[in-house]
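Here's the letter readout for the chains.
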Amino acid sequence: MSQNYHKIPNLPAFVLANTHYQAYDIPATPIVKGYDFNNPFNQEEFMKSFMTTGFQATSLGQAIDEINKMRNWRLSDEPIAEDETDEFKDPEVRKNTKCTIFLGYTSNMTSSGVRETIRFLVQHKMVDVLVTTAGGIEEDFIKCLGDTYLGDFHLKGDALRPKGLNRIGNLVIPNNNYCVFEDWMMPILDQMLIEQKAGLEAPWTPSSLIDRLGKEINNENSIYYWCHKNKIPVFSPAITDGSIGDMIFFHSYKNPGLVLDIAGDIRKMNCQAIYAKKSGMILIGGGVSKHHICNANLYRNGADFAVYINTAQEFDGSDGGARPDEAISWGKIKLEATPVKIYCDATIVFPLLVSQTFAKDFHKQQTNNNNSVVAGKENGEVSANKKQNGAVSNKQDFAVEAQVLHDDEGYDIFSFI
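The sections below set out a description of the structure shown in this document.

Things to note about the overall build of the chain
In terms of regular secondary structure, the chain is built from 17 helices and 11 strands. When each of the 417 residues of the chain is scored for burial, the buried share is 41%. Look at the contacts in the chain between residues 6 or more apart in sequence, and 70% of them connect residues 24 or more apart. Accessible area of the chain: about 23700 Å², with a carbon and sulfur share of 53%.

Here you go:
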């Protein structure tokens, strides 16, 4: 404490005692520091600065680390368990056995442009299991059939309804899109019923319905097209709570008999967690998609890694507001885990999170692959020139002809005949 304060006349001693505590135990943690924009802008350094910025920026930095941990884990990182099966004792198998990553999200993510981020993840097999709501399924297919438009949060419902426009936040969807969706889906349900009655599919489950729709849409812009193609299971325990449920309702009158077996899916979903060697959860929003993944991981005594993204608070006891610590109390996240919750609109933070994890490494690998191909081309061209020059100088009787072939990745490679 500065000695000058003792010289202030008529100042009670307790005022000084209460306002001038000396700090003795400085925490051994990073110093708070944000990005310095006086320097030329560097995207990499800018994103790294989030870790030491504080508040939710630091939570984003921690979430980046948590996701990279789940992505980088391999079974070979762990000692061989005493009860391990022979298959997983093999060093090569252990090196290639990864963490099972569950991605859960609410329907508004598919309605928004986050849909394209999710599609990227499944297109390149970066996650292993999806769980979402009915809206999270149907909005993807509807976008393949008609556009969703930007509107405004303040558009009046009584003005939109007569015009056949539906508002989701500041997004607007023409009601006609759902009519087109019905025209597309009804014949598929008819065919599914035929196959069910013929015993070709016994019985249908919500996940097999979603897989079938992903096959039928045959559109590379679709999340579930890529899930079908890459054999990524998609679970939606509340599949009837949306337009898909409306279609099933109408179909039950037009052509009754179609059955969806929920029990088949709960066993399949829980086994995804039970038999995972390591489990990671990325949960956007709350409700059924969040809880379904957490509950499945209870069967393995908790997920090893977890990232939550939502804006919900826990004071009302809601599932969405529940912090990861509450899940630890239930055995849904392991005691030794280091889970992270980011309190933020997912349309802002989730693309940033993916940009610094999945996408960053994907494009780095793509660059490395392209550089290897370029180097191979250059070596081939040098070799071709040497052979051609040798043929001319030696006046040999045979000609060297360059032929361009294509490998399986579409790259040009040189061979000579």
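Some words on the pattern of salt bridges
In this structure the tally under the stated criterion is 18 salt bridges. As a salt-bridge pair, Arg94 and Glu84 come within 3.8 Å of each other at their nearest N and O atoms. One end of the pair, Arg94, is in helix α4 (residues 91-96); the other, Glu84, is in the loop between α3 (55-72) and α4, and 10 residues separate them in sequence. For the pair Arg94 and Glu84, one class covers both residues: buried. Glu84 is paired through a salt bridge with Lys277; the nearest N and O atoms lie 2.9 Å apart.

A short note on the pairing of strand β2 (residues 129-132)
Of the two faces of β2, the one carrying Val129 and Val131 and the one carrying Leu130 and Thr132 are both buried. Pairing of strand β1 (residues 100-105) with β2, which is carried by 4 bridges, proceeds in the parallel orientation. Bridging from a neighbouring strand, Leu103 pairs with Leu130 of β2. Note: β2 against strand β6 (residues 234-235), 2 bridges, orientation parallel.

What about the packing of aromatic side chains?
Tallied over the full model, the rule gives 14 aromatic pairs. With a centroid separation of 5.2 Å and 80° between ring planes, the pair formed by Phe46 and Phe50 is classed as edge-to-face. With a relative accessible area of 21%, Phe46 lands in the partly exposed category. Members of the aromatic cluster, joined through ring pairs, are Tyr35, Phe37, Phe41, Phe46 and Phe50. The residue whose ring lies beneath Lys277 is Phe88, and the NZ or CZ to ring-centre distance is 4.4 Å.

Focus: the nonpolar core
Leu103, Leu130, Tyr224, Phe350 and Phe358 are the most contacted members of the largest nonpolar core, which has 70 residues in total. The element that contributes the greatest number of residues to this core is helix α9 (residues 176-197), accounting for 9 residues. If sequence neighbours within four positions are ignored, Leu103 has contacts with Ile118, Leu121, Val127, Val129, Leu130, Val131, Ile282, Ile284, Ile293 and Phe350. Membership of the second largest hydrophobic core comes to 18 residues, among which are Phe235, Leu283, Cys294 and Ala327.

Section: the pairing of strand β7 (residues 279-284)
Here is the key point about a regular strand: its side chains alternate between the two faces of the sheet. Burial of β7 is extensive: 6 of the 6 residues sit out of reach of the surface. A two-sided burial pattern is seen for β7, the buried positions comprising Ser279, Met281 and Leu283 on one face and Gly280, Ile282 and Ile284 on the other. Sheet topology note: the β1/β7 ladder contains 6 bridges and is parallel. Bridged to Ile101 within β7 is Gly280. With 5 bridges connecting them, β7 and strand β8 (residues 305-310) associate as parallel partners. Looking across to β8, one finds that Gly280 is bridged to Phe305. Each parallel crossover has a hand, and the one from β7 via helix α14 (residues 288-298) to β8 is right-handed.

Focus: the sheet that holds strand β5 (residues 171-174)
One open sheet accounts for 3 strands, arranged β3-β5-β4; its pairing is antiparallel. Two strands lie at the open edges of the sheet, namely β3 (149-150) and β4 (165-168), each paired on one side alone. The pairing of β4 with β5 spans 4 bridges and is classified as antiparallel. Pairing of Ile168 across the sheet is with Leu171, part of β5. Packing of α9 onto the sheet brings it into contact with β4 and β5, and relative to β5 it is tilted by some 50°.

What about unusual backbone geometry?
The phi dihedral of Asn218 is positive, around 45°, even though this residue is not glycine. Within the element layout of this structure, Asn218 appears in the loop between α10 (206-217) and α11 (223-229). Overall, Asn218 belongs to the exposed group, its relative accessible area being 59%. One non-glycine residue, Lys231, adopts positive backbone phi at about 55°. In this structure, Lys231 sits in the loop between α11 and β6. For Lys231, a relative accessible area of 73% gives the class exposed.

Calculation rules
Along each chain, the written sequence defines residue order, and numbers are assigned to residues from 1. Reporting of local features is limited, given that this is a predicted model, to residues whose pLDDT is at least 70; pairs of side-chain atoms are given and counted only at 80 or more, and all residues count toward the totals for whole chains, interfaces and linings. To get the side-chain values, all heavy atoms of the structure are used, and hydrogens and water are removed first. Helix numbers and strand numbers start at the N terminus; a helix is a DSSP run of H or I with at least 4 residues, a strand a run of E with at least 2. Burial classes: relative accessible area under 20% of the type maximum marks a residue as buried, over 50% as exposed, and values in between as partly exposed (1.4 Å probe, protein chains only). The contact criterion used throughout is that any non-hydrogen atoms of two residues lie within 4.5 Å. Methods summary: accessible areas were calculated by the Shrake-Rupley approach with a probe of 1.4 Å, and residue burial reflects only the protein chains presented. In what follows, salt bridge is the name for a side-chain nitrogen of Lys or Arg lying within 4 Å of a carboxyl oxygen of Asp or Glu. Criterion used throughout: strands pair if DSSP finds at least two bridges between them. Put simply, two rings from Phe, Tyr or Trp (the six-membered ring, in Trp's case) pair if the centres are within 6.5 Å, and we call them stacked under 30 degrees between planes, edge-to-face over 60, tilted for the rest. By definition here, charges over rings are those cases where NZ of Lys or CZ of Arg is within 6 Å of the ring centre and within 35 degrees of the ring normal. By nonpolar core we mean a set of buried residues, namely Ala, Val, Leu, Ile, Met, Phe, Trp, Tyr and Cys, connected to one another through side-chain atoms within 4.5 Å. Note on handedness: a crossover is taken as right-handed if, strands pointing away from the viewer, the path from the first strand over the helix to the second is clockwise. As a rule, the C-alpha atoms of each element are fitted with a line to give its axis, helices using only the stretch in contact, and angles between N-to-C directions run from 0 to 180 degrees.

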